[in-house]
Amino acid sequence: MKFQHLVATGILAIATAGAGYYAYSNLLHPPLVTTSFASLAAVSEAVYGTGTVEPERWAKVVPLQRRRLVELCKCEGQVVKSGQILGRQDDAEERSALEQMDINRGQLERDLARAEKDRDKNDATRTEYEQRWTKLEEAKSRIAAQKVRLDSLILRAPLDGMVLRRDSEVGEIAGPTDVLFWVGPPAPMQVVAEINEEEINRIAAGQKAFLRSEAFPGRALRATVSQITPKGDPTRKTFRVYLRLPQDTPLRIGMSVETNIIFREKPAAIVVPAEAIAGDAVQMVDDGQIRRVPVTIGIRGSRNTEIIGDISKGTTVLSPARRDLADGARIRIDNSLTRAAEPAVASEPADQPAATPEASVVASVTTAPSDPDDAVISAAMTAHVDSVVSDARRNFISNSR
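Every chain is numbered on its own, with residues counted from 1 as its sequence reads. Given that this is a predicted model, residues contribute local features only at a pLDDT of at least 70 and side-chain atom pairs are listed and counted only at 80 or more, while totals for whole chains, interfaces and linings are drawn from all residues. Heavy atoms from the whole structure form the basis of all side-chain values; hydrogens and water molecules are not counted.

With that settled, consider the layout of surface pockets. The pocket and cavity definitions rest on a 1 Å grid over protein atoms only: a 1.4 Å probe that fits but cannot leave marks a cavity, an open set with protein on both sides within 12 Å along at least five of seven lines marks a pocket, and residues lining either have an atom within 4 Å of a point. Grid points are joined across faces, edges and corners, and a volume is the space filled by probe spheres set on the points. There is about 240 Å³ of room inside the largest pocket. Residue lining of the largest pocket: Thr52, Val53, Glu54, Pro55, Trp58, Lys60, Leu164, Arg165, Asp167, Trp182, Ile253 and Gly254, and that is the complete set. Secondary-structure elements contributing two or more residues to the lining of the largest pocket are β3 (39-55) and β9 (161-166). Tallying contributions element by element places β3 first for the lining of the largest pocket, with 4 residues. Only Asp, Glu, Lys and Arg are considered charged, only Ala, Val, Leu, Ile, Met, Phe, Trp, Tyr, Cys and Pro nonpolar, and every remaining residue, Gly among them, polar. Partitioned by chemical class, the residues of the lining of the largest pocket number 6 nonpolar, 2 polar and 4 charged. Segments assigned H or I by DSSP are reported as helices when at least four residues long, segments assigned E as strands when at least two residues long, and all are numbered from the N terminus.

Spelled out as structure tokens, the structure:
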């Protein structure tokens with residue numbers, strides 16, 4: 001009996017300790033959590049890519065033969081007309097051959113003139129005349145062909161425009177693989193972007209895009225999709241997309257840019273940090289207790305995510321979510337870390353690998369400007385594009401190791 005009494009006493013002590021611990025941990029000293037606030041934000045989903053600024057019309061000047069350059073104009077930035085001479089290749093050999101052909105043609109003309117006097121005497125003289133006439137015509141044809149070869153050594157402007165760049169010097173040897181000049185009207189300009197083939201079905205003409213250039217950090221650079229190349233590149237698995245730039249763009253020809261083509265957007269949506277979502281619900285804080293609220297996920301960002309459900313602006317939610325805490329559990333809030341879902345720290349486009357661009361998502365707080373487009377483009381640019389680039393570079397570096 002004494003032993004049984006001791007066992008019962010031990011069990012009672014353990015139960016009491018457990019109840020005491022539960023009461024301490026859940027009633028007297030509940031777990032400490034961090035929270036965030038649901039915010040009203042402009043959300044956009046965009047396809048990420050990279051591109052280069054080019055004129056809409058331009059052409060390369062490439063020599064047809066491999067020869068030494070003997071003359072090049074100093075005309076970068078100057079306006080030229082179609083056919084205007086920009087340079088010359090060494091043509092000494094061709095000119096010498098042309099002089100010999102001219103001498104031979106003169107002799108053939110004199111021989112033909114003598115034969116013409118006697119061509120009606122008999123059949124032999126008539127045949128001799130015809131032969132000399134044929135030789136003269138052949139000589140004229142060879143001279144014409146030689147002049148064409150000489151003209152091919154002259155480098156001419158292919159169209160009206162400006163000499164955008166010159167890439168050779170007098171004395172160098174250049175051939176068909178060498179671009180000597182870029183010529184074209186400097187405006188209008190466009191961005192030629194490469195888009196992953198998996199995302200090309202989301203792109204359509206007329207969609208707006210925002211660009212990021214290291215030369216203009218923080219500026220909302222606009223563009224509009226003007227054309228999509230029908231055939232993609234099967235090796236790189238990309239499609240070429242043309243983005244028309246506005247006339248007042250600060251971008252310059254040859255600059256590289258990151259592009260985000262917006263294919264879906266909402267001017268105002270409820271967003272929370274992505275880490276606040278546990279499955280298909282968020283954990284709302286209600287009078288010091290957790291209340292699980294089912295939600296539908298909308299546009300996803302790597303930090304902010306749109307939610308649709310019984311959550312309003314300013315609602316306090318656990319961030320990160322605590323799956324280990326049951327619905328109704330009491331909690332303590334760490335006020336030092338409580339934060340709102342603001343674009344600068346809690347929202348950005350989804351991570352993008354540098355080598356394989358994919359769809360990105362932007363979520364940012366709406367400040368109610370007069371132009372709804374400015375709300376989406378400017379907020380996305382100023383708050384999130386730097387994050388896209390940083391993530392892409394970080395992924396590229398990690399994949400390279």
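This part covers the environment of Thr315. Position of Thr315 among the secondary structure elements: in the loop between β20 (304-309) and β21 (316-318). Residues Thr315 and Thr35, 280 residues apart in the sequence, show an inter-C-alpha distance of 10.0 Å. Pairs of residues are marked as contacts when any of their non-hydrogen atoms sit within 4.5 Å. The residues contacting Thr315, other than those within four sequence positions of it, are Ser36, Phe37, Ala38 and Met284. A distance of 2.8 Å separates a polar side-chain atom of Thr315 from the backbone oxygen of Ser312. Side-chain atoms alone can form a polar contact between residues adjacent in sequence; in general such a contact is a pair of N or O atoms within 3.5 Å, and within protein one must be able to donate a hydrogen while the other accepts it.

When two rings of Phe, Tyr or Trp (its six-membered ring) have centres within 6.5 Å they constitute a pair, described as stacked for plane angles under 30 degrees, edge-to-face for angles over 60, and tilted for the intermediate range. One pass over the structure, following the stated rule, counts 0 aromatic pairs. Sitting above the plane of the Trp182 ring, Arg165 keeps its charged end 5.9 Å from the centroid. Criterion for a charge above a ring: Arg CZ or Lys NZ at most 6 Å from the ring centre, at most 35 degrees from the ring normal.

Let's shift gears to helix α3 (residues 123-152). The span expected for a helix works out to 1.5 Å for each residue beyond the first. An ideal rise of 1.5 Å per residue puts 44 Å on 30 residues; α3 measures up with 44 Å between its terminal C-alpha atoms. Burial here depends on accessible area, computed with a 1.4 Å probe over protein chains only, as a share of the maximum for the residue type. Under 20% is buried, over 50% is exposed, and the range in between is partly exposed. Inspection of α3 places Thr125, Tyr129, Leu136, Ala139, Ile143, Gln146, Leu150 and Ser152 among the buried residues, and these make up the whole buried set. At its buried positions, α3 is contacted by β7 (85-89), α2 (92-117) and β8 (154-156).

All right, on to the environment of Gly87 then. As for its placement among the helices and strands, Gly87 is situated in strand β7. Separated by 66 residues in the primary sequence, Gly87 and Leu153 have C-alpha atoms spaced 8.6 Å apart. If sequence neighbours within four positions are ignored, Gly87 has contacts with Glu71, Leu72, Leu153, Ile154 and Leu155.

Attention now goes to the sheet that holds strand β6 (residues 79-80). Strand order in the open sheet formed by 4 strands is β4-β11-β9-β6, with antiparallel pairing between adjacent strands. At either end of the open sheet lies a strand with only one pairing partner, and these are β4 (59-61) and β6. As defined by bridge partners, β4 adjoins strand β11 (residues 181-184) across 3 bridges and the pair is classed as antiparallel. Opposite Lys60, over in β11, you have Trp182 as the bridge partner. Any two strands are treated as partners once DSSP identifies two or more bridges connecting them.

This part covers the nonpolar core. Nine residue types can take part in a nonpolar core, namely buried Ala, Val, Leu, Ile, Met, Phe, Trp, Tyr and Cys, and a core is a set of them joined through side-chain atoms within 4.5 Å. Core analysis: the biggest nonpolar cluster contains 21 residues, and Val191, Leu211, Val241, Leu243, Leu245, Leu251 and Ile261 have the highest contact counts within it. Listing elements by their share of this core, those giving two or more residues are β3, β12 (189-196), β13 (208-212), β14 (221-228), β15 (238-244) and β16 (256-273). The element best represented in this core is β12, accounting for 4 residues. Once residues lying within four places of it in the same chain are set aside, the contact partners of Val241 are Val191, Val192, Ala193, Ile195, Ile200, Ile203, Val225, Gln227, Ile228 and Ile261. Grouped together as the second largest cluster of nonpolar side chains are 15 residues, Leu69, Cys73, Leu86 and Ala157 included.

Here we take up unusual backbone geometry. Between Ala187 and the following residue, Pro188, the backbone shows a cis peptide bond with an omega angle of 0°. Across the junction of Ser319 and Pro320, the peptide omega takes the value 5°, indicating a cis bond. Within the secondary structure, Pro320 sits in the loop between β21 and β22 (332-333). Of note, the phi angle at Lys237 is positive, near 60°, even though the residue is not glycine. Tracing the backbone through its elements, the reader meets Lys237 in the loop between β14 and β15.

Function-wise, these values are silent; they only describe arrangement.
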